[in-house]
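Close look at the chain arrangement
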Amino acid sequence: MQPADTDLQAISDVQPEEGMSAEPPKPAFQSASIKFIKEDKEVVAAQGANLRIKAIENQVDLYTLGGKLMNCGGYGQCGTCIIEVVEGMENLSPRTAFEERKLKKKPASYRLACQALVNGEVSVKTKP
């Protein structure tokens, strides 16, 4: 059974209800800002970005000589990508269990870049 032409209404003729927009809302891009103090470099990243990856992508050197030779490639096994968070610690993911073990004798402001996810503005010092 075919519906009558009068029963169908073109989609373009449908008007949104009052108070609603015609287009679905677009999700806002959530960004994070990482300031590398020693390098005087600021990087914008997507919220939840890995700090080590963003540093490497932007030619920020995280490693001392020993770390350059013996780092684990960002798998959280060696502890050579250590950074000091100067501002914005609340904008980083919580310390992982590995970080707690590896950094137990270090100040609370120290993190491993490979384990830190950035969720807002943060300022860090590399190779503290």
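The paragraphs below set out a description of the structure included in this document.

What counts and what doesn't
Counting starts from 1 at the beginning of each chain's written sequence and moves along it residue by residue. Note on the predicted model: pLDDT of at least 70 is required for a residue's local features to be given, and 80 or more for side-chain atom pairs to be given and counted; whole-chain, interface and lining totals, by contrast, use all residues. Where side-chain values are given, they derive from all heavy atoms of the structure, hydrogens and water being excluded. Only strands that DSSP links by at least two bridges are regarded as paired with each other. Secondary structure elements follow DSSP: runs of H or I no shorter than four residues count as helices, runs of E no shorter than two count as strands, and numbering proceeds from the N terminus. When checking whether two residues touch, look at their non-hydrogen atoms; a contact exists if any pair is within 4.5 Å.

1. Some words on the pairing of strand β1 (residues 31-36)
- Summarising the sheet, β1 and strand β2 (residues 41-46) pair through 6 bridges and their orientation is antiparallel. Paired with Ser 31 across the bridge in β2 is Ala 46.
- Count of turn residues in the β1/β2 antiparallel hairpin: 4 residues, of which Asp 40 carries a positive phi of about 50°.
- Sheet analysis places β1 next to strand β7 (residues 122-126), joined by 3 bridges and oriented parallel. Across the sheet, the residue bridging to Lys 35 is Ser 123, located in β7.

2. With respect to the environment of Leu 112
- Along the chain, the position of Leu 112 falls in strand β5 (residues 110-112).
- Leu 112 sits 34 residues away from Cys 78 along the chain, and the two C-alpha atoms are 9.5 Å apart.
- Leu 112 has contacts with Gly 79, Cys 81, Ile 82, Phe 98, Glu 99 and Leu 103, leaving out every residue within four places of it along the chain.

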